[in-house]
Amino acid sequence: MIRLEQFENGFEYLELENELCKAKIALQGAHLFSFDPKSQKPIIWLSEKSHFKLGSAIRGGIPICWPWFGDHSDDSTLPKHGFARTSLFDYEILKDEKALSQIKFVLKSSKSSLTLWPYAFELNVIFTLCDTLHIELNTKNCDEKSFSITQGFHTYFKVSNVQKTSILGIENKTYLDFLVKKDFVQDRPLVIDKEVDRIYKAISNDIEIVDGETQINIKTRGSNSTVIWNPWIEKSKTMSDMSIDSYKNMLCIESANVLDDFKVIKPDESCSLSVTIS
Ligand code: BG6
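Bear in mind that the values here come from a model prediction, so they are computed numbers and not experimental data. (Residues numbered from 1 in each chain as written. Predicted model: local features only at pLDDT ≥ 70, side-chain atom pairs only at ≥ 80, totals over all residues. Heavy atoms only, no water.)

### Some thoughts on the overall build of the protein chain
Helices and strands together make up the secondary structure of the protein chain, namely 2 helices and 21 strands. Here the protein chain has a C-alpha radius of gyration of 18 Å; the compact-globule value for 278 residues is 19 Å, and the two agree. Projected onto its principal axes, the C-alpha positions of the protein chain cover 45 × 45 × 35 Å. With 278 residues in all, the protein chain has 51% of them scored as buried. Counted over contacts in the protein chain with a minimum sequence separation of 6, partners at least 24 positions apart contribute 61%. (Helix = DSSP H or I, 4+ residues; strand = E, 2+ residues; numbered from the N terminus. Rg over C-alpha atoms; globule rule 2.2 N^0.38 Å. Buried < 20%, exposed > 50% of the residue type's maximum accessible area, 1.4 Å probe, protein only. Contact = heavy atoms within 4.5 Å.)

Okay, structure coming up:
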């Protein structure tokens, strides 16, 4: 079952349920904001203070950062993490089966996108949902000139206590600590106990979150960079859509193409980034 629902203010989303999971995906941003596999605890975090209104990004779930990740490289007045997460997508239901749902979201260049980013494109986001969640982000260059993008699935994971949660798969990897703008090497699995904003480089393996008995596996294809973020206490206080202590139950592990891992796409060519969360 997949049906179109809306909040009181008219903000629309698809609600779906099959034998293996339940999920909600907003039409703004093709933004999944709930995924509950029936065989385990919910694994995606959503802020109880998130805004659901057109033009504001949802705080939590899986924002899609595109066609640039973070601040725009030349113009800081442009929207952070690009404009996809605040754009309305069209959608098509590809499969609505007993144990599997598949939905394609589409965003095409428009007059308003061309004022922010001067290229013709088609962006497809395909969600495949069963007991696992698979998302593929496909960028097609419909322009006459090449363009380059940075991008990412800015996934917010729900954990029972971030200070008792380990992140594995980044050991011995170099990361840029965005807070001090310096490179370091991760010498052991990461346990977050302060504000963290890091870009791990040369990551081609899976990442695991170990939260007590729960293990979450993140398998990314088409990227070599993983961003790990938790705003901790002081930063959370500056954010209107995070409650004071919600940093304790969330962490972002973002499958991304950032820094030198940007993608150049030639006319008529496509590029794909995907993540499977299980
Ligand atoms: C992370 C960035 O990906 O996103 C952080 O590395 C940023 O620097 C965070 O603060 C949240 O961004 P936003 O725009 O959703 O508040």
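### Observations concerning the pattern of salt bridges
For the structure on display, the rule yields 9 salt bridges. Close ionic contact of E5 with R3 constitutes a salt bridge, the shortest N to O distance being 2.5 Å. The exposure class assigned to E5 is partly exposed, which follows from its relative accessible area of 24%. Between K237 and E234 there is a salt bridge; the shortest N-O distance is 3.2 Å. In this pair, K237 and E234 are both assigned in helix α2 (residues 232-237), 3 residues apart and thus about one turn of the helix distant. (Salt bridge = Lys/Arg side-chain N within 4 Å of Asp/Glu carboxyl O.)

### So, a nonpolar patch on the surface
On the surface, a nonpolar cluster with roughly 240 Å² of combined accessible area is contributed by L4, Y91 and I93. Secondary-structure assignment places Y91 in strand β6 (residues 90-96). (Patch = residues over 30% accessible without salt bridge, like charges linked within 9 Å, V, L, I, M, F, W, Y side chains within 5 Å. Areas by Shrake-Rupley, 256 points an atom, 1.4 Å probe, with all protein chains shown as cover.)

### Describing the pairing of strand β16 (residues 207-211)
With burial as the criterion, only one face of β16 is covered, namely that bearing I207, I209 and D211; the residues E208 and V210 on the opposite face remain uncovered. As defined by bridge partners, strand β12 (residues 165-168) adjoins β16 across 4 bridges and the pair is classed as antiparallel. Residue L168 lies in a different strand from β16, and its bridge partner there is E208. In the sheet, β16 pairs with strand β17 (residues 214-221) via 5 bridges, with the strands oriented antiparallel. Note that in β17 the partner of V210 across the bridge is Q215. Counted along the chain from β16 to the antiparallel partner β17, the turn is 2 residues long, and its residue G212 has a positive phi close to 60 degrees. (Pairing = 2+ DSSP bridges.)

### Looking at the sheet that holds strand β7 (residues 101-108)
Sheets are built from strands paired through backbone hydrogen bonds, the pairs being either parallel or antiparallel. As summarised here, the arrangement of the 8 strands in space is β6-β7-β8-β9-β21-β17-β16-β12, forming an open sheet in which the pairing is antiparallel. Edge positions in the sheet fall to β6 and β12, since each has one partner strand and no second. Across the sheet, the mean angle separating the axes of adjacent strands is 15 degrees when strand polarity is ignored. Note: strand β8 (residues 121-129) against strand β9 (residues 133-141), 9 bridges, orientation antiparallel. Within the sheet, the bridge partner assigned to F121 lies in β9 and is N141. (Axes fitted to C-alpha atoms, helices over the stretch in contact; angles between N-to-C directions.)

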